[in-house]
Amino acid sequence: GRDALFKACNNCGDGYDDLAWHRTICPAMGLLELNTGDEVRLANLTRQEFNGREGVLGEFNSAKQRWVVNMGGRDALFKAANLEKMPAKK
């Protein structure tokens, strides 16, 4: 049956049967796929002083449609659109 194809998103928790389609509407997706533990940089914020700050993604808060970002021991919530994935360190 159809239910065998149905999956739940690891980030937002919504169900889908077509990953490519889900990525276009998932509130946890930014310009690139984001996952818990990714290093990110804040961007495109109206409060310019926060742009460029770096942190590590915690879990996606689906109720608030925001990622928890740990910035030096302090957690804050940000939309996926305001997060840029940092290049992987070698």
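For the structure given in this document, a descriptive report is provided here. Quick caveat, the model's predicted, so the values are computed rather than measured. (Residues numbered from 1 in each chain as written. Predicted model: local features only at pLDDT ≥ 70, side-chain atom pairs only at ≥ 80, totals over all residues. Heavy atoms only, no water.)

Quick look at the side chain of His-22
Relative to the assigned elements, His-22 resides in helix α1 (residues 19-25). If we skip the residues at most four places from it in the chain, His-22 touches Cys-9, Cys-12, Asp-14 and Tyr-16. (Helix = DSSP H or I, 4+ residues; strand = E, 2+ residues; numbered from the N terminus. Contact = heavy atoms within 4.5 Å.)

Focus on the pairing of strand β6 (residues 74-78)
One ladder, built from five bridges, connects strand β5 (residues 66-71) with β6; its direction is antiparallel. Of the residues in β6, the one forming a bridge with Val-69 is Ala-76. Between the end of β5 and the start of β6, which pair antiparallel, lie two residues, with Gly-72 showing a positive phi angle near 60 degrees. (Pairing = 2+ DSSP bridges.)

What about the side chain of Asp-38?
Structurally, Asp-38 is set in the loop between α1 and β3 (39-42). Among the residues examined, Asp-38 registers a relative accessible area of 15% and is labelled buried. Only 2.8 Å separates the side chain of Asp-38 from the backbone nitrogen of Asn-35, close enough to count as a polar contact. With residues near it in sequence (within four places) discarded, Asp-38 still touches Glu-33, Gly-55, Val-56, Leu-57 and Lys-85. (Buried < 20%, exposed > 50% of the residue type's maximum accessible area, 1.4 Å probe, protein only. Polar contact = N/O pair within 3.5 Å; in protein donor to acceptor, adjacent residues only side chain to side chain.)

Observations regarding the pattern of salt bridges
Using the criterion set out here, one finds four salt bridges in the structure. Two residues, Glu-54 and Arg-41, come together in a salt bridge whose shortest N-O distance is 3.6 Å. Of this pair, Glu-54 sits in strand β4 (residues 54-61) while Arg-41 sits in strand β3, placing them 13 residues apart in sequence. Among the residues examined, Glu-54 registers a relative accessible area of 46% and is labelled partly exposed. (Salt bridge = Lys/Arg side-chain N within 4 Å of Asp/Glu carboxyl O.)

Treat this as a map of the structure, not an account of what it does.
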